[in-house]
Amino acid sequence: MNKPDMDPDIEYDPVFLHSRREAIVIFCIWVTAIIWVVPFCYFQGYGQNVDPSTLSLTIGIPTWLFWGVFIPWVVADIFTIWFCFFYMQDDPLGEAHEGADIEEELAEMRAAARQTQDGGGA
Amino acid sequence: METFLNAGTTFAAGSNSALLTFCLYTLAVFGIAWLSNRLLQSKSFMSEYFLGSRSLGVWAFALTFAATSSSGGSFTGFPSKIYTHGWVLALWIGSYMVVPICTMGLLGKRLNQVARISGSITVPDVMRDRFHNKYFGLLAVSLIVFFMSFNLVAQFKAGALILQTLLADVDMFHTVSIRLFSSMTETGGIFEGVKAGYLLCLFTFGVAVIIYTTYGGFHAVVWTDVMQGVVMVCGVMIMLPLALYQVGKLAPSGESGLEYSTREMAKMTPPQAGTATLRLTAARDRDTTLRSDTWLPFTGESGEQRLLRLTDLVMIPAGQTEVADIGILELTAAGDISRKMNQLTASDLDPEIDVTDVDTTPYQYGSDPSHAGAYVSAPGPSATDVNGFLPVSLAISFFFMWAISGSGQPSNMVRLMAFKDARTLRLSIFTVAMYYSAIYFPLVIIFCCARLLIPGMEAESDRIMPAMAVFLSENAGIAWLAGLLVAAPFAAVMSTVDSFLLMISSALVRDIYQRNINPAAEEKLIKRLSYLFTLIVGTAAMIGAINPPQFLQDIIVYVGSGLAACFLAPVVYALYWPRANAHGCIAGMLAGFAAHLSLYFSGIFANGSFFRPYRIMNFDPIIFGLLVSFITVYVVTLITPAPSPELVRKYFGKPPAKPTP
């Protein structure tokens, strides 16, 4: 499944493809959370002139926060459990090439030095 | 001879256990550093010292991530805000429901893989290797050192202040600080105007952190984070039932403690700060000293009961009967006054002191009758802002700030490079999600209850966490528990400071020295430099915190959002877009930095201060910074040449199958 901005000649690493798909799902859950929480709290909790005797509470929490933050928090936790245990893949992340970057740099420096020497000799 | 009123016996016993806890805690931390140092002998030094050999398992990774992210602010600033502004803080912190999955899941797996492919140890390493561009690495390291240096000084100061708060009532602390440091503070220079108690705390805290971080490296930081993370969650889990039980004892039968607490909060009006005159009925032949937590009841003009507390230490000299213009905080809610009056005993009161000339200022939002119930509704009471504590634009901004900006913090990214495998990542996301759920919403409940249990703490709201810990444990008859509870905020700030310290020294040793000055450096030299730079950076930050610039809390906010504006977009594109190139990402990093900075600069002209940034449509500058950065990377990348196919294959292509033997 290659996107327009991806080179069809390259066989892409499944770890990259899985990570990208998982990142998109996570971004969607963030969008869902903000769309649920902020408008709900805005309409139910902002600018209310509260009468203590009629204040609506659910298990001791102001009802607007119970449905606007507490319940979405529980739903987000359930989603996280699903994501971690049933969706996210255990991809192999590969061996760490400790010192590979430094070695590559040293090799380039030596090659450049050789080139200069050769250039000087010629 | 002096007369002391309200000697603060309530907090003294708890504070002694705080001192004991602090000592035990420090010993444990040193033990961990010693064990970690032994690991350094047997593995690749650089990778072990700065990245723990990429071997973190679930508990270590989850708790180091959680503890580092929830800095000292979570255990001092956040409880103080809940206490001051009420239930709306549940919305303020609401995005933490998705913070673990966003900050760990958005980048974690892929960043870890890319770092392994190149052998990168730091975030600038990743950027440099991914695009094979040393200028990008230098830009990234410059921004990190620029931002983090300010932040490190700020965090050292925060650590010292927290320790000072915890030990405020320990007599030995005052004696030792005066003996050791009073002569130093009199010498002037950088010590001018610095209090001896602050210096003692700064040096104790600073030396402890510098030693264990320098000696033990990344593993010492991670293991102390684990210990600190456990202390934090245990503290909250113990406080929650104690708070609900104790507030429940005030509730009428048939009503739960939390329900009673919220209904009483709905009736509350904010206290009012101001000044008053204190008058003794007759002059005394000795000085009369009144502590800052002294309560003074008096009768109003129409015979009503009024009650105020002092906000500073006050002394009425011998032979005088009056002091004018002293700082006070007056309770305005009838329920608060009656609850506090019930707590005061005869020994707390001095019937020979009268209060006159009370002059107070109401809150900008919350005192007016049209804002009734401000503590249980949004935007919450505010002493300074007519729009209230949390206008809806700020509520949206905080969704970006915590979840998205958190993903863009290089200190979090380093941890994402250190876990062992993908299984560790997914189990850690789950663990941190449960961890935050167990901490943040319960904290809101605990400190809403605190409004009923300990009225009038607005005068010193940063002390509400230790005050509540001592209050709850002593009322439950288990005073020793206070030691564990007050250790939580200290643990939180320690775990933030150590990881920032290691980030700066890794930037200097790895990104500047090894990668740009001397790539052929022997491991022995690198090892010495790593110890040396960690020691030097830590000591320099500690010295910077002796007499730090003002606005440190604002600097922490600026740095956090600034780093995200610089790093998030380039890292996201670098990891997920094969077409991304160095030109685009460098441009995006600079554009994010400039856009964010320009809004802070505009604040000087629009609002009179750099730290009161200009807010487009009242949104935080982080949103504008991120937007500009993401757009710039995309546009500049498309109009500049594509990266070389070799580079794309290296980081995006399927790795060749291992040859079978």
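Not measured: the values here are computed from a predicted model.

**With respect to the overall build of chain B**
Here's step 1: Across its full length, chain B carries 24 helices and 8 strands.
Here's step 2: What you see for chain B is a C-alpha radius of gyration of 27 Å, in line with the 26 Å of a compact globule of 661 residues.
Here's step 3: Projecting the C-alpha coordinates of chain B onto the three principal axes gives extents of approximately 95 × 50 × 50 Å.
Here's step 4: For chain B, the proportion of its 661 residues judged to be buried stands at 62%.
Here's step 5: Here the contacts in chain B between residues at least 6 apart in sequence split such that 80% fall between residues at least 24 apart.
Here's step 6: Of the roughly 23800 Å² of accessible surface on chain B, a fraction of 62% belongs to carbon and sulfur atoms.
Here's step 7: If you average the places of the 42 positive and of the 42 negative side-chain charges in chain B, the two averages end up 20 Å apart.

**Side note on a nonpolar patch on the surface**
Here's step 1: Together, L627(B), I631(B), Y634(B), V635(B), L638(B) and I639(B) make up an exposed nonpolar region whose accessible area comes to about 600 Å².
Here's step 2: Looking at Y634(B), the relative accessible area reads 41%, which means it is partly exposed.

**A word on the pattern of salt bridges**
Residue and element names in this part refer to chain B.
Here's step 1: A complete count under the given rule lists 18 salt bridges over all chains for this structure.
Here's step 2: In this structure, R515 engages D129 in a salt bridge whose closest nitrogen and oxygen atoms are separated by 2.9 Å. Remark: D129 occurs in helix α9 (residues 123–131) and R515 occurs in helix α19 (residues 481–517); sequence separation between them is 386 residues. D129 shares its class with R515; the two are buried.
Here's step 3: Of the charged contacts, one joins E322 and R279 as a salt bridge, the two residues approaching to 2.8 Å between their closest N and O atoms. Placement of E322 in strand β7 (residues 322–330) and of R279 in strand β2 (residues 272–280) is noted, with a sequence separation of 43 residues between them.
Here's step 4: Exposure remark for E322: the relative accessible area of 36% places this residue in the partly exposed category.
Here's step 5: Look at the salt bridges and you will find they share partners, linking D125, D129, R510 and R515 into a network.

**Remarks on the environment of V58(B)**
Residue and element names in this part refer to chain B.
Here's step 1: The residue V58 is located in helix α3 (residues 58–69) in this model.
Here's step 2: Taking the C-alpha atoms as reference, V58 lies 44 Å from A383; in sequence the two are 325 residues apart.
Here's step 3: Not counting residues up to four positions away in its chain, the partners in contact with V58 are T424, L427, S428 and T431.

**Remarks on helix α10 (residues 134–166) of chain B**
Here's step 1: For α10(B), with 33 residues, the first-to-last C-alpha span of 46 Å sits near the 48 Å given by 1.5 Å per residue.
Here's step 2: The largest bend in α10(B) is about 25°, located at M148(B).

**So, empty space enclosed by the protein**
All names here are of chain B.
Here's step 1: Enumeration over the complete set of coordinates arrives at 4 cavities of 30 Å³ or more.
Here's step 2: There is about 70 Å³ of room inside the largest cavity.
Here's step 3: In terms of lining, the largest cavity is formed by F50, I121, T122, F218, V414, R415, S499, L502, M503 and S506.
Here's step 4: When residues of the lining of the largest cavity are traced back to their parent elements, those giving at least two are α16 (410–416) and α19.
Here's step 5: Per-element tally for the lining of the largest cavity: the top contributor is α19, with 4 residues.
Here's step 6: Per-class residue counts for the lining of the largest cavity are 6 nonpolar, 3 polar and 1 charged.

**A look at the pairing of β7(B)**
All names here are of chain B.
Here's step 1: Pairing geometry for β2 and β7, over 7 bridges, is antiparallel. Within β7, the position partnered with A273 by the bridge is L329.
Here's step 2: Of the pairings in the sheet, the one linking strand β5 (residues 305–310) to β7 comprises 3 bridges and is antiparallel in character. From the neighbouring strand, L310 faces β7, where its bridge partner is I328.

**Thoughts on the confidence of the model for chain A**
Reading predicted coordinates in detail is not appropriate for stretches of low pLDDT.
Here's step 1: Averaged over every residue, the pLDDT of chain A is 86; residues scoring 70 or more account for 92%.
Here's step 2: Ranking the elements of chain A by mean pLDDT puts helix α3 (residues 100–121) of chain A last, at 74, and helix α2 (residues 63–87) of chain A first, at 96.

**Some words on the packing of helix α12 (residues 196–248) of chain B against helix α20 (residues 523–544) of chain B**
Residue and element names in this part refer to chain B.
Here's step 1: It is at 9 Å that the axes of α12 and α20 come closest, and there the two elements cross at 165°. Looking at the two axes, α12 sits roughly antiparallel to α20. Crossing geometry of α12 relative to α20 is assigned as right-handed. Residues L202, F203, G206, V207, I210, T213, T214 and Y215 of α12 form the contact with α20, whose participating residues are Y531, T534, L535, G538, T539 and M542.
Here's step 2: Across the contact of α12 with α20, the residue classes break down as 8 nonpolar, 6 polar and no charged.

**A short note on the domain arrangement of chain B**
Residues and elements named next belong to chain B.
Here's step 1: By the assigned domains, chain B splits into domain 1 (46–248 + 378–652) and domain 2 (271–361).
Here's step 2: Centre-to-centre separation of domain 1 and domain 2, based on C-alpha positions: 40 Å.
Here's step 3: The interface of domain 1 with domain 2 comprises 11 residues on the first partner and 12 residues on the second.
Here's step 4: Interface area, domain 1 with domain 2, both sides summed: about 860 Å², of which 51% is carbon and sulfur.
Here's step 5: Linking domain 1 with domain 2 are 0 salt bridges.
Here's step 6: At the boundary of domain 1 with domain 2, the tally comes to 2 residue pairs in polar contact (both at pLDDT 80 or more).
Here's step 7: Of all the elements, helix α17 (residues 422–453) adds the most residues to the side of domain 1 that touches domain 2, at 3 residues.

**Details of the interface of chain B and chain A**
Here's step 1: At the interface, 84 residues of chain B touch 72 residues of chain A.
Here's step 2: When chain B packs against chain A, close to 6600 Å² is buried across both sides, 68% of that on carbon and sulfur atoms.
Here's step 3: It is M97(B), K109(B) and R426(B) that lose the most area in chain B upon contact with chain A, and together they represent 12% of the buried surface on that side.
Here's step 4: In this structure, the connection of chain B to chain A is made through 19 residue pairs in polar contact (both at pLDDT 80 or more).
Here's step 5: Considering each element in turn, the side of chain B that touches chain A owes the most residues, 13 residues, to α17(B).
Here's step 6: Across the side of chain B that touches chain A, the residue classes break down as 48 nonpolar, 16 polar and 20 charged.

**Quick word on the confidence of the model for chain B**
Here's step 1: For chain B, per-residue confidence averages 85 on the pLDDT scale, and residues scoring 70 or more make up 91% of the total.
Here's step 2: Counting contacts from residues 1–11 of chain B, a segment whose pLDDT is below 50, to residues more than four positions away or on other chains yields 33 contacts.

Conventions we followed
- Residues numbered from 1 in each chain as written.
- Chains lettered and ligands numbered in written order.
- Predicted model: local features only at pLDDT ≥ 70, side-chain atom pairs only at ≥ 80, totals over all residues.
- Heavy atoms only, no water.
- Helix = DSSP H or I, 4+ residues; strand = E, 2+ residues; numbered from the N terminus.
- Rg over C-alpha atoms; globule rule 2.2 N^0.38 Å.
- Buried < 20%, exposed > 50% of the residue type's maximum accessible area, 1.4 Å probe, protein only.
- Contact = heavy atoms within 4.5 Å.
- Areas by Shrake-Rupley, 256 points an atom, 1.4 Å probe, with all protein chains shown as cover.
- Lys, Arg positive; Asp, Glu negative; His and termini not counted.
- Charge placed at Lys NZ, Arg CZ, Asp CG, Glu CD.
- Patch = residues over 30% accessible without salt bridge, like charges linked within 9 Å, V, L, I, M, F, W, Y side chains within 5 Å.
- Salt bridge = Lys/Arg side-chain N within 4 Å of Asp/Glu carboxyl O.
- Expected span 1.5 Å × (residues − 1).
- Bend = angle between axes of the 7 residues up to and from the residue.
- 1 Å grid on protein atoms, 1.4 Å probe; cavity = no way out; pocket = protein on both sides within 12 Å on 5 of 7 lines; lining within 4 Å.
- Points joined across faces, edges and corners; volume = space filled by probe spheres on them.
- Nonpolar A, V, L, I, M, F, W, Y, C, P; charged D, E, K, R; others polar.
- Pairing = 2+ DSSP bridges.
- pLDDT = per-residue confidence, 0-100.
- Axes fitted to C-alpha atoms, helices over the stretch in contact; angles between N-to-C directions.
- Parallel < 35°, antiparallel > 145°, perpendicular 65-115°, else oblique.
- Left-handed = near helix turned anticlockwise from the far one by under 90°.
- Domains from an automatic or database assignment.
- Buried area = accessible area lost by both parts, 1.4 Å probe.
- Polar contact = N/O pair within 3.5 Å; in protein donor to acceptor, adjacent residues only side chain to side chain.

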